[in-house]
Amino acid sequence: MGLCVATLFIGLSARERCGTSPVVDEPIYLQMGLDAFDRHRLVRLCDQGIEPLPIYLEYLLPALATQPFDVPFATGGGNPGEAAHTVSLVNLARLSTEVFVGVPLLLLTLIWLTHRVGLEAATLGTLMVVCSPTWLAHGTLATTDACMALTALVMLLTLVRTRHVWPVGLAAGLLWASKDLALCFPPVIMWVMRDRTVTRSMWRWLQGGVVTLATCWGFWLFHFHTVSAGHALLVLPAPLRSVWARAAQAQEGHPGFCLGQVRQHGFWAYYPVAFLLKSTPVEWVLMALVGASFASPRSAPFRVLRSSALVFMGLALTFSFNLGVRYLLWMYPILAILGALSCCQLRFGRSLLYGLVAVQAACAWMAAPDYLGWFSISPGGPPYRLLVDSNLDWGQDLPQLRSQIDKLRIRHLRLFYFGEAMPAAYGIHPAPDF
């Protein structure tokens with residue numbers, strides 16, 4: 001059954017993988033991946049606050065398939081041959097993401113649910129992740145978001161199984177090595193483990209913190225990097241240097257757009273709004289079931305996963321970077337797990353699961369091939385008036401633009417393009433004076 005689920009996921013994501021151009025981050029990460037595997041140069045990762053684990057998992061195959069070269073960017077130019085080579089390498093990286101990140105996440109979801117509700121309900125719960133348009137959009141891109149979803153799931157299921165800080169520290173280190181957003185998880189861990197006697201000792205917490213740092217630092221090959229603090233230079237372990245870089249970026253802020261407004265330091269309601277608008281009606285039902293679960297006793301694993309999602313969503317209200325629902329990508333498998341567990345508590349729960357999977361599959365069919373631009377049925381006008389950036393357009397539609405150019409027989413084109421892929425790789429040659 002696991003093989004069938006994996007095959008379905010790779011099949012559904014094939015159009016996204018091969019039929020869209022590289023999104024803004026992918027050419028940048030490709031260059032960093034080639035640098036990382038060429039003499040272990042991790043300086044650019046550290047300077048931009050990008051963690052190394054996704055690079056290792058997603059860009060190993062592209063690094064093995066080519067010699068190091070300077071990736072051409074739309075802003076810097078390059079020849080068409082290098083641009084086409086970049087596209088093929090990004091497609092290979094996307095396949096690596098599906099095989100080494102997406103498939104393990106789905107199998108972990110399937111196996112964990114099977115032990116609790118049986119294979120039938122577990123398969124249906126996993127299919128709700130497979131057919132989620134948001135998961136198909138971001139879980140197949142060679143960025144850091146899918147890797148964080150996998151490692152967050154690993155950490156949360158570790159919290160469910162163990163009462164010791166060492167395994168949790170190891171899992172938290174993996175999570176930190178995948179995305180700096182992991183630094184929001186210590187409050188989640190402390191909340192979940194607050195009533196466990198083994199963690200009431202400060203020494204135990206210190207041990208867990210050391211294990212977390214050592215695990216993450218190992219992926220940085222135990223490198224040190226310098227950082228300027230006023231008139232002094234500090235030498236920090238690479239993970240802390242990366243956090244320093246991200247903190248500086250957060251202090252500067254980043255323009256965020258929500259419901260027709262723009263702010264430099266974000267909106268408190270951005271992520272709840274984005275989560276609702278980018279989720280399917282099926283996922284709305286699952287949220288309602290999770291909300292109703294407070295009315296009756298639930299198992300300890302259920303409470304751990306539910307509390308983790310709620311604490312993190314509460315923390316998300318304070319985020320100054322409003323860059324897309326992809327920051328909440330890990331919550332979709334958690335929502336499917338909680339939904340499957342909730343349905344199995346109902347009298348006609350199995351029938352409800354079948355109905356939800358059917359509707360979810362219909363949503364995936366309606367969203368294809370533009371999974372990234374999926375919005376649920378909601379008032380407010382066109383999607384671009386609700387959310388933009390990676391919620392709507394991340395520079396991924398160059399193939400569709402080329403097809404429209406051919407269809408309309410456009411000979412002269414002026415292009416305003418948000419992306420880093422080279423339009424020349426798709427035979428698009430806009431006027432140079434624009």
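It should be noted that the structure appears before, not after, this text.
## Quick notes on the overall build of the protein
- Secondary structure assignment for the protein yields 18 helices and four strands.
- For the protein, the C-alpha atoms occupy an extent of roughly 65 × 60 × 45 Å along the three principal directions.
- For the protein, with 434 residues in total, the buried portion stands at 54%.
- Sequence-distant contacts in the protein: of pairs separated by 6 or more residues, those separated by 24 or more amount to 73%.
- When the accessible surface of the protein is totalled, it reaches about 19200 Å², and 65% of it is carbon and sulfur.
- Within the protein, one finds 30 positive and 24 negative side-chain charges whose respective centroids are separated by 11 Å.

## Examining the nonpolar core
- Residues Met155, Leu159, Phe185, Leu305, Phe312 and Trp330 are the most contacted members of the largest nonpolar core, which totals 127 residues.
- For this core, the leading source of residues is helix H6 (residues 80-130), giving 18 residues.

## Comments concerning the side chain of Ser13
- Structurally, the position occupied by Ser13 is in the loop between helix H1 (2-12) and helix H2 (14-19).
- Exposure remark for Ser13: the relative accessible area of 0% places this residue in the buried category.
- Within polar-contact distance, the side chain of Ser13 engages the backbone oxygen of Ile10 at 3.2 Å.
- In this view, Ser13 contacts Glu98, Leu136 and Thr140; residues no more than four positions away in its chain are not counted.

## Section: the packing of aromatic side chains
- Under the counting rule described, the total for this entry stands at 12 aromatic pairs.
- Consider the rings of Tyr271 and Phe319, whose centres lie 5.7 Å apart with planes at 75°: the pair is edge-to-face. With Tyr271 in helix H13 (residues 270-278) and Phe319 in the loop between helix H15 (300-316) and helix H16 (331-343), this residue pair connects regions lying 48 residues apart in the sequence. In this structure, Tyr271 and Phe319 share a single accessibility class: buried.
- Among the aromatic residues, those joined into a cluster by ring pairs are Phe185, Tyr270, Tyr271, Phe312, Phe319, Tyr327 and Trp330.
- Lying across the ring of Phe302, Arg298 places its NZ or CZ 5.1 Å from the centre.
- Across the ring face of Phe294, the terminal group of Arg306 is positioned such that the distance to the ring centre comes to 4.0 Å.

## Topic: the side chain of Arg326
- Along the chain, the position of Arg326 falls in the loop between H15 and H16.
- With near-sequence residues (within four places) excluded, Arg326 lies in contact with Asp25, His138, Asp145, Ser390 and Trp394.

## A short note on H15
- When the terminal C-alpha atoms of H15 are compared, their 24 Å separation across 17 residues agrees well with the 24 Å that a helix rising 1.5 Å per residue should span.
- For H15, the set of buried residues is Pro301, Phe302, Val304, Leu305, Arg306, Ser308, Ala309, Phe312, Met313 and Ala316.
- Buried residues belonging to H15 abut H6, helix H8 (145-161), helix H10 (185-192), H13, helix H14 (281-292) and H16.

## Focus: the packing of H15 against H16
- At a closest axis distance of 10 Å, the pairing of H15 and H16 adopts a crossing angle of 140°. For the element pair H15 / H16, the angle class is oblique. In this structure, H15 meets H16 at a crossing whose hand is left-handed. Each of Phe302, Leu305, Arg306, Ala309, Phe312 and Met313 in H15 lies in contact with H16, whose residues at this interface are Met331, Ile334, Ile337, Leu338, Leu341 and Ser342.

## Some words on the environment of Tyr384
- Looking at the element boundaries, Tyr384 is found in the loop between helix H17 (349-367) and helix H18 (398-408).
- Every residue in contact with Tyr384, bar those within four places of it in the chain, is listed here: Phe257 and Leu392.

## A look at the environment of Gln48
- The residue Gln48 is located in helix H4 (residues 43-48) in this model.
- Between the C-alpha atoms of Gln48 and Ala248, which are 200 residues apart in sequence, the distance is 10.0 Å.
- Once you skip the residues sitting within four places of it in the chain, Gln48 turns out to touch Met32, Ala245, Arg246 and Gln249.

## Description of the state of the cysteines
- Summed over the entire model, instances satisfying the criterion amount to zero disulfides.
- Unpaired in terms of disulfides, Cys46 finds its nearest cysteine sulfur in Cys216, a separation of 10 Å.
- In this model Cys258 remains outside any disulfide bridge; the closest cysteine sulfur is found in Cys184, 19 Å from its own.
- What makes Cys258 buried here is its relative accessible area of 6%.

## Points about the pairing of strand E2 (residues 232-237)
- One ladder, built from six bridges, connects strand E1 (residues 224-229) with E2; its direction is antiparallel. Bridging from a neighbouring strand, His225 pairs with Leu236 of E2.
- Between E1 and the antiparallel strand that follows it, E2, lie two residues; Gly230 among them carries a positive phi value of about 70°.

## Examining the packing of H14 against H16
- Relative to each other, H14 and H16 sit at 60°, their axes nearing to 9 Å. In the packing of H14 onto H16, the handedness of the crossing is left-handed. Residue-level inspection shows Glu283, Leu286, Met287, Leu289 and Val290 of H14 in contact with H16, the latter providing Tyr332, Leu335, Ala336, Leu338, Gly339, Ser342 and Cys343.
- Residues that form the contact of H14 with H16 fall into these classes: nine nonpolar, two polar and one charged.

## Some remarks on a nonpolar patch on the surface
- Taken together, Phe37, Leu60, Leu61, Leu64, Leu95, Val99 and Phe100 make up a surface patch of nonpolar side chains, about 550 Å² in accessible area.
- For the nonpolar patch, the secondary structure elements donating two or more residues are helix H5 (53-65) and H6.
- By the secondary structure assignment, Phe100 is in helix H6.

Calculation criteria
- Residues numbered from 1 in each chain as written.
- Predicted model: local features only at pLDDT ≥ 70, side-chain atom pairs only at ≥ 80, totals over all residues.
- Heavy atoms only, no water.
- Helix = DSSP H or I, 4+ residues; strand = E, 2+ residues; numbered from the N terminus.
- Buried < 20%, exposed > 50% of the residue type's maximum accessible area, 1.4 Å probe, protein only.
- Contact = heavy atoms within 4.5 Å.
- Areas by Shrake-Rupley, 256 points an atom, 1.4 Å probe, with all protein chains shown as cover.
- Lys, Arg positive; Asp, Glu negative; His and termini not counted.
- Charge placed at Lys NZ, Arg CZ, Asp CG, Glu CD.
- Core = buried A, V, L, I, M, F, W, Y, C linked by side-chain atoms within 4.5 Å.
- Polar contact = N/O pair within 3.5 Å; in protein donor to acceptor, adjacent residues only side chain to side chain.
- Phe/Tyr/Trp six-rings, centres within 6.5 Å; stacked < 30°, edge-to-face > 60°.
- Lys NZ or Arg CZ within 6 Å of the ring centre and 35° of its normal.
- Expected span 1.5 Å × (residues − 1).
- Axes fitted to C-alpha atoms, helices over the stretch in contact; angles between N-to-C directions.
- Parallel < 35°, antiparallel > 145°, perpendicular 65-115°, else oblique.
- Left-handed = near helix turned anticlockwise from the far one by under 90°.
- Disulfide = S-S within 2.5 Å.
- Pairing = 2+ DSSP bridges.
- Nonpolar A, V, L, I, M, F, W, Y, C, P; charged D, E, K, R; others polar.
- Patch = residues over 30% accessible without salt bridge, like charges linked within 9 Å, V, L, I, M, F, W, Y side chains within 5 Å.
- Salt bridge = Lys/Arg side-chain N within 4 Å of Asp/Glu carboxyl O.

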